[in-house]
Amino acid sequence: MPAKKKPFNLTSDNYFSRLRPHISNSQITDYLKSPAFYKKKYIEQVIPFNLTDPMKVGLMVDAILTQPDKNLYQSKVLRRDNLELFNHQKTIDDKYLLTPLNYDKATAIAFHIDKQPFWQDNLDDALFQQVLEGEMNNLQVCSLPDRIDALGDQKWRMTDVKVVSAMKISSPQKWLWNCLEMGYIRQAAMYRLLWAEKQGVPKENISFYHAVGTQVQEGLCKVKLYKLPESFLVQAEIEIDYALTGIKNKEFKDIPVVWSCAERFNEFEPADDEEGFE
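Residues numbered from 1 in each chain as written. Predicted model: local features only at pLDDT ≥ 70, side-chain atom pairs only at ≥ 80, totals over all residues. Heavy atoms only, no water.

**Points about the packing of helix α8 (residues 184-199) against helix α9 (residues 230-248)**
Their axes nearest at 8 Å, the elements α8 and α9 cross at an angle of 85°. It follows that α8 is roughly perpendicular to α9 by the angle criterion. Contact residues: α8 offers Ile185, Arg186, Ala188, Ala189, Met190, Arg192 and Leu193, while α9 offers Glu230, Phe232, Leu233, Ala236, Glu237, Glu239 and Ile240. Considering only residue class, the contact of α8 with α9 consists of nine nonpolar, no polar and five charged. (Axes fitted to C-alpha atoms, helices over the stretch in contact; angles between N-to-C directions. Helix = DSSP H or I, 4+ residues; strand = E, 2+ residues; numbered from the N terminus. Parallel < 35°, antiparallel > 145°, perpendicular 65-115°, else oblique. Contact = heavy atoms within 4.5 Å. Nonpolar A, V, L, I, M, F, W, Y, C, P; charged D, E, K, R; others polar.)

Spelled out as structure tokens, the structure:
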């Protein structure tokens, strides 16, 4: 009789492990891009995960704001500038090493966000980087929200920090389009569902915000707050269900492109302004 598989104890330390059986929003996003791609990346694991420089900047900003005691990020040094530190950095995971330019950028954005009144509000009682897990469509799922605040009367506010180029927050509509393209609203919906289940409250008791930071130029950083509309969060839940159903049923074939799939440009309409994106 085969030995029982040991349950995976999900923690902040192994959250990004490839051994993790839980499905995250990033996996759902990849499935919606291409079921075949999902299979290659997460099941066959023949596609490597590459951490880009913008991703490193975002992760460092998160670390400074939410886990300052665990901030492992460093600015890369040259051999000629500091031989001892240069040799030490050879032993550090490359994901924690940023170019001096990106290191200074991440530091500036994080400090700018940190000094804002909205971030300082209830700071000592806020919850950061809570590992959430649950079950949807008979599959294990997980999420890692940046910040959660209790508002009283079983009401909560969840906030996710994003770092982007200034162009992406030049208008509320541009940020909304970026959210839809990157799957950020679906990510928020997943965070909200898991936290609502954990707290035993209706999902409507939880409001969700994006705190979006950018460096316009050296010496000038900005941050904008966006409240995600309820209607978009509900729609995102449908996408989550669709993707998880496909993954559960092992549907990993892409839809073939035929002539009838051709899209007509006159069918595209700009999104109407929604509450929270004014």
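**A few points about the pairing of strand β6 (residues 147-152)**
Relative to β6, strand β3 (residues 127-128) runs antiparallel, the two sharing two bridges. Bridge assignment links leucine 127 to a residue of β6, and that residue is isoleucine 148. Sheet topology places β6 next to strand β7 (residues 155-163); five bridges connect them, and they run antiparallel. Residue alanine 150 lies in a different strand from β7, and its bridge partner there is tryptophan 156. From the end of β6 to the start of β7, which pair antiparallel, there are two residues, and aspartate 153 there has a positive phi angle of about 55°. (Pairing = 2+ DSSP bridges.)

**A look at the packing of aromatic side chains**
Aromatic ring pairs are defined here through the distance separating the ring centres and the angle between the ring planes. Tallied over the full model, the rule gives 12 aromatic pairs. Each ring, one from tryptophan 175 and one from tyrosine 184, has its centre 5.8 Å from the other, and the planes form 35°; the classification is tilted. Relative accessible area serves as the criterion here: at 0%, tryptophan 175 is assigned to the buried category. Classification of tyrosine 184 by relative accessible area gives buried; the value is 16%. Within the aromatic cluster, the residues linked to one another by ring pairs are Tyr31, Tyr38, Tyr42 and Phe252. Of note, arginine 147 hangs over the ring of tryptophan 119, and the distance from its end group to the ring centre comes to 4.8 Å. (Phe/Tyr/Trp six-rings, centres within 6.5 Å; stacked < 30°, edge-to-face > 60°. Buried < 20%, exposed > 50% of the residue type's maximum accessible area, 1.4 Å probe, protein only. Lys NZ or Arg CZ within 6 Å of the ring centre and 35° of its normal.)

**Quick look at the sheet that holds β3**
To summarise the sheet geometry, strands pair through backbone hydrogen bonds and adopt either a parallel or an antiparallel arrangement. Taking strand neighbours across the sheet as the criterion, the five strands line up as β3-β6-β7-β8-β9 in an open arrangement whose pairing is mixed. A strand with exactly one partner marks an edge of an open sheet, and here the two such strands are β3 and β9 (220-227). On top of the sheet, α8 reaches β3, β6, β7 and β8 (206-217); it is set at about 150° to β7, its chief contact.

The values reported here are purely geometric and, on their own, carry no functional implication.
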